[in-house]
Amino acid sequence: MMDILGLAFKNLLRYKRRSLLTGLLITVGVVAVIVFVGLSGAFKEAIVGQITDAVLSHLQVHRRGYMASIDNLPLDRMIPAAAYKRLEGVLQANPAVTAYSPRIKFAAMLSNYAQTTNVRLNGIDPAKETAAVPLLPSRVRHAAEPGRLLQPGEVLLPEVLTRGMEIKTGDTIVLVANNKDGSVNGMTFTVAGEVESLMGPGGRDGYLHIDDAAALLRMETMEISEVAVRVKDFDGLQAIADGLEAALADMKTPRDTPLFELHTWEALSPFYNVVRMIDLMALGIQVILIALVLISVLNVMMMSVYERVREIGTLAAMGTSPGRILSLFVAEGFSLGLVSALVGSALGMGALYVCNLVGVQVAFGRAGQLFTLLPRIAFGEVVLTCLIVLAVSVLASLQPAAKAARLEPVEALRHV
Amino acid sequence: MDIVVFDNVTKAYRSGEVTVDALRDVTLRIPEKSFTALVGPSGSGKTTALNLIGCLDQPTRGTLTVAGQAMAGMSRRQGAAFRGAHLGFVFQDFSLLPVLSVYENVEYPLRMIRRMSKKACRPEVTRLLASVGMEDQADKYPAQLSGGQKQRTAVARALVGQPALVLADEPTANLDGQTAQKVIALMKRMRDEFGTTFVFSTHDPRIMEQAEVLFHLEDGRLVDTQAAPGEVDR
């Protein structure tokens, strides 16, 4: 085997410029795949992190049927207090859950005494919410008191409203809301700051204290719209969600259907489609790499066979078996792929290292928040890319190699 | 004992609509360990006869036996195995592998065909290189050699597997007269040293003189046989 590879390398060096150009083409392809996968992975990680850590958390629990009407923020599909207690027990008992935050979500009329508009609001327990979505405080601007999210009697309003209505921190506003029975209630609040907008559901909501929300909606017992849950192992999210769903399965509605429904961030955020698109683009660039390797190796090996017909005849005449001749040419394609893949991997990983040193920044969200990407690629991804290159190189060499092996020695020896 | 036996061998080729008989009913025997030449003008059938002996081609009619093995019905794989085990080849244009050194070229049949280890090959390759006077050039590449040196290397490569028979198609055609004589003398010496049968084709009268057995071909037919006493029994 080593002999065949040794001879293959020597034959590649025989046509230095051609081998170099083909190798360079494959190398560039491998570098492109590694850099793209590294950068897109870091972008995904940063954006998914932002969405889950600043708005959604990792998964959410709702009463069954709530998600179907979530755009209306229905108050008649809340989790009853007793059921929430049991849900809390399940969440507290699960070691995979690091934090959870109950929310009361509702729509209200907002008045600054001069103008009125509608607003979507989340009633939250500030401590629990900060634990479940740790980046929420970083979205607050012009805070009344740095480091404090909000306290009872305060409201955080979305920046799109504060700017339009010229509401400032410290101003008093009135919130008017209908409760689930249809009766109207109004309360005054002090603006504690503005919340930066983010893409996706909940990205333009305001916040107030959960007790204030319950009071505004005249709840006799606390009912919860959703519970945001943060887990320890993000990569094992689906398994954790499945475990929680199983643990909650015995809690039924009067119609004997499960009381709760769980959704991971993928089902809650439209950005998941962007993630899938990025994955698709990564697959696309791998397909381009495959095409690049296939065409370049096929071309170089066909030329190699065509130029060495007489030499193949000599090898066959000396007693080299057709299988051995086939291996010789496949080994050439393999060697070309191997060297190119190794060099490309080294350069690609070097490029990612440089990106990490330099710090690639991307803007995300309406506010154009800057994220520094930390591109990296799993070793398995690099190995997979190399294996793809090697497999395609061998595949591309097979046809020319088979042609060489099939040459009739007597005709090959006549070739000039 | 005859190493090659042609019995009414005919080889026909299709050339467009026409069938050309390159060899016609040739019957001949080549004695073992002989130094045999196939002679004749271009198109007489010398190369065709060598190709048939070398198992590179199959007779259209008749029977051909080489080293006790009937050539008919051999598959390509069997043919390659037979050539690797019993035959050596010397080509008019030397046909050394340009990417291999002299040593590696001679080593090739042992390493790549007989799959011997590098260590096991070394004594045989060194001995052959010494025999053909190329031991000092072992590290050189074909492009750095003269025509005579290339052909000496090719002779060493042909002999390295200790074949029963070496076939040489016009081995001196690309050499000057003096070098050609030296190469023929070398081949003869190798025959004496290793007991290998040499069969070569030529149309050079000076080279023909060196042959012990001489088959004269014309238009695919065997027209004359000359042999030293006791060499050919027809």
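None of these values were measured; they are calculated from a predicted model. (Residues numbered from 1 in each chain as written. Chains lettered and ligands numbered in written order. Predicted model: local features only at pLDDT ≥ 70, side-chain atom pairs only at ≥ 80, totals over all residues. Heavy atoms only, no water.)

## Regarding the overall build of chain A
- Scanning chain A from terminus to terminus reveals 14 helices and 12 strands.
- Against the globule reference of 22 Å for 416 residues, chain A gives a C-alpha radius of gyration of 31 Å, more extended than a compact globule.
- The principal-axis extents of the C-alpha atoms in chain A amount to approximately 100 × 50 × 30 Å.
- Looking at chain A residue by residue over its 416 residues, the buried ones come to 52%.
- Carbon together with sulfur atoms contributes 61% to the accessible area of chain A, which is approximately 18,800 Å² in total.
- Measuring between centres, the 36 positive side-chain charges of chain A sit 10 Å from its 37 negative side-chain charges. (Helix = DSSP H or I, 4+ residues; strand = E, 2+ residues; numbered from the N terminus. Rg over C-alpha atoms; globule rule 2.2 N^0.38 Å. Buried < 20%, exposed > 50% of the residue type's maximum accessible area, 1.4 Å probe, protein only. Areas by Shrake-Rupley, 256 points an atom, 1.4 Å probe, with all protein chains shown as cover. Lys, Arg positive; Asp, Glu negative; His and termini not counted. Charge placed at Lys NZ, Arg CZ, Asp CG, Glu CD.)

## Concerning a nonpolar patch on the surface
All names here are of chain A.
- Residues Met-277, Leu-280, Met-281, Leu-283 and Val-287 make up a contiguous nonpolar surface patch of about 500 Å² in total accessible area.
- Tracing the backbone through its elements, the reader meets Met-281 in helix α10 (residues 271-307).
- For Met-281, a relative accessible area of 45% translates into the label partly exposed. (Patch = residues over 30% accessible without salt bridge, like charges linked within 9 Å, V, L, I, M, F, W, Y side chains within 5 Å. Salt bridge = Lys/Arg side-chain N within 4 Å of Asp/Glu carboxyl O.)

## Some thoughts on the UniProt feature "transmembrane region" (unreviewed entry) in chain A
- Per the UniProt annotation, the sites labelled "transmembrane region" (unreviewed entry) are residues 20-43, 280-306, 326-353 and 373-398 of chain A.
- In residues 373-398 of chain A, helix accounts for 77% and strand for 4%; the two terminal C-alpha atoms are 41 Å from one another. (UniProt positions renumbered as here; feature names shortened; annotations may be inferred.)

## Brief notes about the pattern of salt bridges
- Under the defined criterion, the tally for this structure stands at 32 salt bridges over all chains.
- Ionic pairing is found between Glu104(B) and Lys10(A), a salt bridge with its closest N-O pair at 2.7 Å. Separated into two different chains, Glu104(B) in helix α3 (residues 102-113) and Lys10(A) in helix α1 (residues 2-14) make up a pair that spans both.
- Note on Glu104(B): relative accessible area 18%, which makes it buried.
- Of the charged contacts in the structure, one is a salt bridge between Glu159(A) and Arg163(A), with a shortest N-O distance of 3.3 Å. Separated by four residues within a single helix, Glu159(A) and Arg163(A) lie in helix α6 (residues 159-164), roughly one turn from each other.
- When salt bridges with common partners are traced through the structure, they connect Arg103(A), Lys105(A), Arg120(A), Glu129(A), Asp205(A) and Glu226(A) into a single cluster.

## A short note on helix α3 (residues 81-93) of chain A
All names here are of chain A.
- Between its first and last C-alpha atoms α3 spans 18 Å; for 13 residues at 1.5 Å apiece the expected length is 18 Å, and the two agree.
- For α3, the full list of buried residues reads Ala-83, Tyr-84, Leu-87, Glu-88, Val-90 and Leu-91. When α3 is viewed along its axis, its buried side chains cluster within an angular range of 165° and face the same direction. For α3, the exposed residues set more than 90 degrees away from the buried face come down to Ala-82, Lys-85, Gln-92 and Ala-93. (Expected span 1.5 Å × (residues − 1). Arc of directions from axis to C-beta.)

## Here we look at the pairing of strand β6 (residues 172-178) of chain A
Residue and element names in this part refer to chain A.
- Taken together, the three bridges between strand β2 (residues 97-111) and β6 define a ladder with antiparallel strand orientation. Paired with Met-109 across the strands is Val-176, a residue of β6.
- Pairing between β6 and strand β7 (residues 184-195): seven bridges, direction antiparallel. Opposite Val-176, over in β7, you have Gly-186 as the bridge partner.
- Linking β6 back to β7 in an antiparallel pair, the connection comprises five residues, with Gly-182 at a positive phi of about 100°. (Pairing = 2+ DSSP bridges.)

## Describing the packing of aromatic side chains
- Under the criterion given, the structure shown has five aromatic pairs over all chains.
- Arranged with centres 6.0 Å apart and planes meeting at 10°, the rings of Phe89(B) and Phe91(B) form a pair that is stacked. For the residue pair Phe89(B) and Phe91(B), the accessibility class agrees, reading buried in each case.
- Taken together, the aromatic side chains of Phe35(B), Phe198(B) and Phe200(B) make up a single cluster linked through ring pairs.
- The ring of Tyr15(A) carries the charged tip of Arg18(A) above its face, separated from the ring centre by 4.3 Å. (Phe/Tyr/Trp six-rings, centres within 6.5 Å; stacked < 30°, edge-to-face > 60°. Lys NZ or Arg CZ within 6 Å of the ring centre and 35° of its normal.)

## Regarding the environment of Gly193(A)
Residues and elements named next belong to chain A.
- Looking at the element boundaries, Gly-193 is found in strand β7.
- The buried category is assigned to Gly-193, whose relative accessible area is 1%.
- Separated by 26 residues in sequence, Gly-193 and Met-219 have C-alpha atoms that sit 26 Å apart.
- Other than its neighbours up to four places away in sequence, Gly-193 contacts Arg-141, His-142, Ala-143, Val-155, Leu-156, Leu-157 and Thr-169. (Contact = heavy atoms within 4.5 Å.)

## Topic: helix α2 (residues 16-56) of chain A
- Relative to the 60 Å expected for 41 residues at 1.5 Å per residue, α2(A) spans 57 Å between its end C-alpha atoms, a close match to the ideal helical length.
- Backbone geometry just downstream of α2(A) places Ser57(A) in the positive-phi region, at approximately 70°.

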